[in-house]
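# Close look at the chain arrangement
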Amino acid sequence: MAHTIINSSSAPAPIGPYSQATLANGTLYVSGQIALDAESGNLVSGSIEDETHKVMQNLQAILAEAGMDFSNVLKCSIFVKDMNNFGRINETYGSYFSSNPPARETVEVSRLPKDVNVEISCIATK
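Predicted model, so just to flag it, every value in this text is computed and none were measured. (Residues numbered from 1 in each chain as written. Predicted model: local features only at pLDDT ≥ 70, side-chain atom pairs only at ≥ 80, totals over all residues. Heavy atoms only, no water.)

## Points about the overall build of the protein chain
Counting secondary structure elements, the protein chain contains two helices and six strands. In terms of overall dimensions, the protein chain is globule-like: its C-alpha atoms have a radius of gyration of 14 Å, near the 14 Å expected for 126 residues. Considered along the principal axes of its C-alpha atoms, the protein chain spans approximately 40 × 35 × 25 Å. Out of the 126 residues in the protein chain, the part that is buried amounts to 39%. (Helix = DSSP H or I, 4+ residues; strand = E, 2+ residues; numbered from the N terminus. Rg over C-alpha atoms; globule rule 2.2 N^0.38 Å. Buried < 20%, exposed > 50% of the residue type's maximum accessible area, 1.4 Å probe, protein only.)

## Remarks on helix α2 (residues 86-94)
Three or more residues of α2 are buried, namely I89, T92 and Y93. Down the axis of α2, the sector holding all buried residues measures 100°, keeping them to one side. Tucked inside the fold, the buried residues of α2 contact α1 (48-65), β4 (73-80), β5 (103-108) and β6 (118-125). (Arc of directions from axis to C-beta. Contact = heavy atoms within 4.5 Å.)

## Looking at the pairing of strand β3 (residues 27-33)
One face of the sheet, then the other: side chains in a regular strand alternate in exactly this way. Note: strand β2 (residues 21-24) against β3, four bridges, orientation antiparallel. For A21, the partnering residue across the bridge sits in β3 and is V30. Remark: two residues form the turn of the hairpin made by β2 and β3, two consecutive strands paired antiparallel; N25 in that turn has positive phi of roughly 50°. Here five bridges tie β3 to β6, and the two strands are oriented antiparallel to one another. (Pairing = 2+ DSSP bridges.)

## A short note on the sheet that holds β5
Strand order across the open sheet formed by six strands is β1-β2-β3-β6-β4-β5, with mixed pairing between neighbours. The open sheet has two edge strands, β1 (4-6) and β5, and neither has a second partner. Strand-to-strand twist of the sheet, defined as the mean angle between neighbouring strand axes without regard to direction, takes the value 15°. On top of the sheet, α1 reaches β1, β2, β3, β4 and β6; it is set at about 30° to β6, its chief contact. (Axes fitted to C-alpha atoms, helices over the stretch in contact; angles between N-to-C directions.)

## Digging into unusual backbone geometry
Positive phi, close to 50°, is recorded for N100, a residue that is not glycine. By the secondary structure assignment, N100 is in the loop between α2 and β5. Residue classification places N100 among the exposed residues on the basis of a relative accessible area of 70%. Positioned with a positive phi, K114 is a non-glycine residue whose angle comes to about 60°. Its place among the elements puts K114 in the loop between β5 and β6. Note on K114: relative accessible area 47%, which makes it partly exposed.

Shown next, in the form of structure tokens:
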């Protein structure tokens, strides 16, 4: 199966052996994004809302590079360090989906890359 690697300079470069996203047969598979600022290379700190907004902005940049937006998203996976932050993450995440939100799961994990509090990946299609 032929596929195309999608990379956006507006989202952080991968920190391991993976691509930001892969497009195959009209479906975009976006790797998990954390609150890393592409321009400065620094993690966004502060509130869990600030961190979640940056994650969503990184996803948005990758979707845009593929000619898509959040209306094209079919499914998201959310990984959180502390499920006690779920409500605040959920409210911020939900603000990016004005109608017909995608399927998703939210999983609490013991640790995430760079010790962030939230990581989100998605699958989208045209």
